[in-house]
Amino acid sequence: MKFDNHQRDIDMPKNNPKLLSQEITPKAVFENRRELIKSAAAGAFGCALAPWFSREAVAANPQKLAATPNPAFMAKDEPTSYKYVTTYNNFYEFGTDKSDPATYAHTLQTKPWTVSIEGLVKKPVTLDIDALLKLAPMEERIYRMRCVEGWSMVIPWDGYSLSKLLNYVQPLGSAKYVEFISLADKKQMPGLGDNIIDWPYREGLRLDEAMNPLTLLTFGLYGEMLPKQNGAPVRIVVPWKYGFKSAKSIIKIRVTEEMPKTSWGRIAPREYGFYSNVNPLVDHPRWSQATERRIGDSKGVFAPKIKTEMFNGYGDQVASMYSGMDLKKFY
């Protein structure tokens, strides 16, 4: 089987309606979505609400998720359309084609769902999804996402800092890393029949990375519960790292002293290092990371590329964690 797409997040759609970041998720918009759609159809709001029509077509019965926009975590970039975020995905548990997750993820059962937090913590615990949803106030954050393959997008996520959960279980002094383990169930996930990965999917962060306020324990996007093809019911989003670092459909979080071995790191350690920070100065062995193509440009694959920013533009929040490190060695 030939495949070149090693990231686990969404790939390149052809276009994207214009929408200002501050217009994506006002509370009133979510509470009056259908009324706003009717008004938009009558011409009252124009193209600013175009992604709402895509959302209606893709998710006929969306589950709302009440989240308060956090102005400290709002990228000013133009967002990617909900339609493409939810229909063009990489989630190999459901197949390797980009359309496979949206086609087959309906088999995923997201309730009941529990996540165990174990390892080097004072209070190991298993929490169901309802308890996790109530653990901390839900925030809306608009993050840039950079794929290791050289494209990027912008997504409004809903969740809260992973540090809220980690503080709840209280890591021990010997703790240095956090490992994330995803669901692997052949009955629900047809892609597990392909031995691309030594299932289950595993990812990891250094403890200080996991505790960084940017690292998001994520339950929704665009004000609705995560669609199954996007990693429902709970995933991680780490915006300064390449997309494959953000584990989906998590069932276990382990706090460890030793660096966990990640799935893509086991398969191709020369290509996918443990840190996988977005770094335009360190190329992938098979392509440059200096530039990216922003998903949604009307010119599609012919759109001019833009320069990739160090740490995906989040250097002010994360660069201090890597002070003194050789980022070409610790890629």
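These numbers were taken from a predicted model, which means no experiment stands behind them.

## Some thoughts on the overall build of the chain
Here comes step 1: For the chain, the count of helices and strands is 10 helices and 13 strands.
Here comes step 2: Per-residue burial for the chain yields a buried fraction of 57% across its 331 residues.
Here comes step 3: Here the contacts in the chain between residues at least 6 apart in sequence split such that 74% fall between residues at least 24 apart.
Here comes step 4: Split by element, the accessible area of the chain, about 14,500 Å² in all, is 52% carbon and sulfur.

## Structural notes on the nonpolar core
Here comes step 1: Core analysis: the largest hydrophobic core is formed by 84 residues, its most contacted members being Leu 132, Phe 180, Leu 217, Phe 219 and Trp 240.
Here comes step 2: Considering every element that reaches this core, the biggest residue donor is strand β5 (residues 151–161), with six residues.
Here comes step 3: In contact with Leu 132, not counting residues within four places along its chain, are Val 115, Leu 127, Tyr 160, Leu 165, Leu 217 and Phe 219.

## Some thoughts on helix α7 (residues 162–169)
Spacing of three or four residues puts side chains on the same side of an α-helix, whose turn is 3.6 residues.
Here comes step 1: All buried positions along α7 are accounted for by Leu 162, Ser 163, Leu 165, Leu 166 and Val 169. Summarising the axial view, the buried residues of α7 lie within an arc of 160°, below the 170-degree limit, and thus occupy one face.
Here comes step 2: Trailing α7 by a residue or two, Gln 170 shows a phi angle of about 60°, which is positive.

## Quick look at the layout of surface pockets
Here comes step 1: As a volume, the second largest pocket reaches approximately 230 Å³.
Here comes step 2: Residues of the lining of the second largest pocket, tallied by class, amount to 10 nonpolar, six polar and three charged.

## Section: unusual backbone geometry
Here comes step 1: Residues Lys 111 and Pro 112 are joined by a peptide bond in cis, for which omega reads 0°.
Here comes step 2: Structurally, the position occupied by Pro 112 is in the loop between α5 (100–104) and β2 (114–119).
Here comes step 3: A cis amide bond, omega -5°, links Ala 232 with the succeeding residue Pro 233.
Here comes step 4: Residue placement: Pro 233 occurs in the loop between β9 (224–225) and β10 (235–237).
Here comes step 5: In this structure, Ser 249 takes a positive phi of about 40° despite not being glycine.
Here comes step 6: Relative to the elements of secondary structure, Ser 249 occurs in the loop between β10 and β11 (250–256).
Here comes step 7: Judged by relative accessible area, which is 0%, Ser 249 ranks as buried.
Here comes step 8: Residue Ser 276 is not a glycine yet carries a positive backbone phi of 50°.
Here comes step 9: Looking at the element boundaries, Ser 276 is found in the loop between α9 (263–267) and β12 (291–294).

## Regarding empty space enclosed by the protein
Here comes step 1: The final tally for this structure, using the stated rule, is two cavities of 30 Å³ or more.
Here comes step 2: What the largest cavity holds in volume is close to 40 Å³.
Here comes step 3: Taken together, 10 residues line the largest cavity, and the ones lying closest to its centre are Met 145, Val 237, Val 238, Pro 239 and Ser 246.
Here comes step 4: Counting residues per element, the ones that place at least two in the lining of the largest cavity are β4 (139–146) and β10.
Here comes step 5: Looking at the lining of the largest cavity residue by residue, the classes come out as five nonpolar, one polar and four charged.
Here comes step 6: Its boundaries defined by the atoms lining it, the second largest cavity holds a volume of some 40 Å³.
Here comes step 7: Val 115, Leu 132, Leu 165, Leu 217, Val 234, Ile 250 and Ile 253 are the residues that line the second largest cavity.
Here comes step 8: Each residue belonging to the lining of the second largest cavity can be placed in one class, and the counts come to seven nonpolar, no polar and no charged.

## A few points about the pattern of salt bridges
Here comes step 1: In total, this model carries 15 salt bridges according to the counting rule given.
Here comes step 2: Residue Arg 254 pairs with Glu 179 through a salt bridge whose shortest N-O separation is 2.7 Å. Highlighted residues: Arg 254 in strand β11 and Glu 179 in strand β6 (residues 177–182), separated in sequence by 75 residues.
Here comes step 3: On the accessibility criterion, Arg 254 (30% relative accessible area) is partly exposed.
Here comes step 4: Residue class for Glu 179 comes out buried when judged on its relative accessible area of 5%.
Here comes step 5: One salt bridge connects Arg 266 with Asp 198, and the closest N-O pair in it is separated by 3.7 Å. You can see Arg 266 sitting in helix α9 and its partner Asp 198 sitting in the loop between β6 and β7 (202–206), a full 68 residues away along the chain.
Here comes step 6: One connected set of salt bridges, linked through shared partners, spans Asp 77, Arg 144, Arg 146, Glu 292 and Arg 294.

Definitions and cut-offs
- Residues numbered from 1 in each chain as written.
- Predicted model: local features only at pLDDT ≥ 70, side-chain atom pairs only at ≥ 80, totals over all residues.
- Heavy atoms only, no water.
- Helix = DSSP H or I, 4+ residues; strand = E, 2+ residues; numbered from the N terminus.
- Buried < 20%, exposed > 50% of the residue type's maximum accessible area, 1.4 Å probe, protein only.
- Contact = heavy atoms within 4.5 Å.
- Areas by Shrake-Rupley, 256 points an atom, 1.4 Å probe, with all protein chains shown as cover.
- Core = buried A, V, L, I, M, F, W, Y, C linked by side-chain atoms within 4.5 Å.
- Arc of directions from axis to C-beta.
- 1 Å grid on protein atoms, 1.4 Å probe; cavity = no way out; pocket = protein on both sides within 12 Å on 5 of 7 lines; lining within 4 Å.
- Points joined across faces, edges and corners; volume = space filled by probe spheres on them.
- Nonpolar A, V, L, I, M, F, W, Y, C, P; charged D, E, K, R; others polar.
- Salt bridge = Lys/Arg side-chain N within 4 Å of Asp/Glu carboxyl O.

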